[in-house]
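Residue-level listing of the chains:
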Amino acid sequence: MAKVYRKFLSGDDSGLATIREEVVLAEEYFFLQKIRFVDTLNPLEISISPEALALSIPRFSLQILIENAIKHNELSKMHPLTIVITEMDGRIVVKNSVLLKNSDMDSAGYGTHMIAHVYDFYHVQGFEIQQTESHFTVYLPPIPIDSQ
């Protein structure tokens, strides 16, 4: 847990991190959540090419999306939450199964808004959110280092 908190407190002012750093943080965060929620979470699936790991995305974006998936969905042994992180068409894709806790629940969307603001700041197109009855999917394009 201390390792995760140190990561929160470190970093530069760019608001960016390499995908490699984000994957490590996501795995550490998910490990803590897996201890908490045991078998109501399926194992975290991550499939990203080595070339993509050196690219940058908004800092904490993967952790925020995992946190949102856990926060907004019903967690049960019968229907464990599945979260998959892959790459497609040059973007990182975070997709989770949907079994909403309460469809009337007010979601302010602070996490996804924060991520969207980083993309706006760097003038990078391609950040996208898609929601269906069965899945919530977020597309994170890399942010070129030279746009900093």
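Keep in mind it's a predicted model, so treat the numbers as computed, not measured.

Visitor: Account for helix 3 (residues 61-72), naming residues and giving values.
Guide: Between its first and last C-alpha, helix 3 extends 16 Å over twelve residues, near the 16 Å set by a 1.5 Å rise per residue. Among the twelve residues of helix 3, ten are classified as buried, and the element is accordingly described as predominantly covered. For helix 3, the full list of buried residues reads S61, L62, Q63, I64, L65, I66, N68, A69, I70 and H72.

Visitor: Quick one: what's the story with the sheet that holds strand 7 (residues 135-140), residue by residue and with numbers?
Guide: One open sheet accounts for five strands, arranged 2-4-5-7-6; its pairing is mixed. Because the sheet does not close on itself, it has two edges, and the strands there are strand 2 (45-47) and strand 6 (128-131). Strand-to-strand twist across the sheet, computed as the mean angle between neighbouring axes with direction ignored, equals 15 degrees. Across three bridges, the pairing between strand 2 and strand 4 (residues 83-88) is parallel. Across the sheet, residue I46 finds its bridge partner in strand 4, namely I85.

Visitor: Tell me about the side chain of S61, and please be specific about residues and values.
Guide: Here S61 lies in helix 3. With a relative accessible area of 0%, S61 lands in the buried category. In this structure S61 touches E22, I115 and L140, once residues within four positions along its chain are discounted.

Visitor: For the environment of E21, give the residues involved together with the corresponding values.
Guide: Position of E21 among the secondary structure elements: in helix 2 (residues 19-37). By relative accessible area, which is 33% here, E21 ends up partly exposed. Between the alpha carbons of E21 and A54 there is a distance of 8.9 Å; along the sequence they are 33 residues apart.

Visitor: Quick rundown of the packing of helix 2 against helix 3? Include the residues and the values.
Guide: Orientation of helix 2 relative to helix 3, taken along the N-to-C sense of each, is 25 degrees, at an axis distance of 8 Å. Judged by the angle between their axes, helix 2 and helix 3 are roughly parallel. The handedness of the crossing between helix 2 and helix 3 is right-handed. Across the interface between the two elements, E22, V23, L25, A26, Y29, F30, Q33 and F37 of helix 2 pack against S61, L62, Q63, I66, E67 and I70 of helix 3. For the contact of helix 2 with helix 3, the residue count by class is nine nonpolar, three polar and two charged.

What counts and what doesn't
Residues numbered from 1 in each chain as written. Predicted model: local features only at pLDDT ≥ 70, side-chain atom pairs only at ≥ 80, totals over all residues. Heavy atoms only, no water. Helix = DSSP H or I, 4+ residues; strand = E, 2+ residues; numbered from the N terminus. Expected span 1.5 Å × (residues − 1). Buried < 20%, exposed > 50% of the residue type's maximum accessible area, 1.4 Å probe, protein only. Pairing = 2+ DSSP bridges. Axes fitted to C-alpha atoms, helices over the stretch in contact; angles between N-to-C directions. Contact = heavy atoms within 4.5 Å. Parallel < 35°, antiparallel > 145°, perpendicular 65-115°, else oblique. Left-handed = near helix turned anticlockwise from the far one by under 90°. Nonpolar A, V, L, I, M, F, W, Y, C, P; charged D, E, K, R; others polar.

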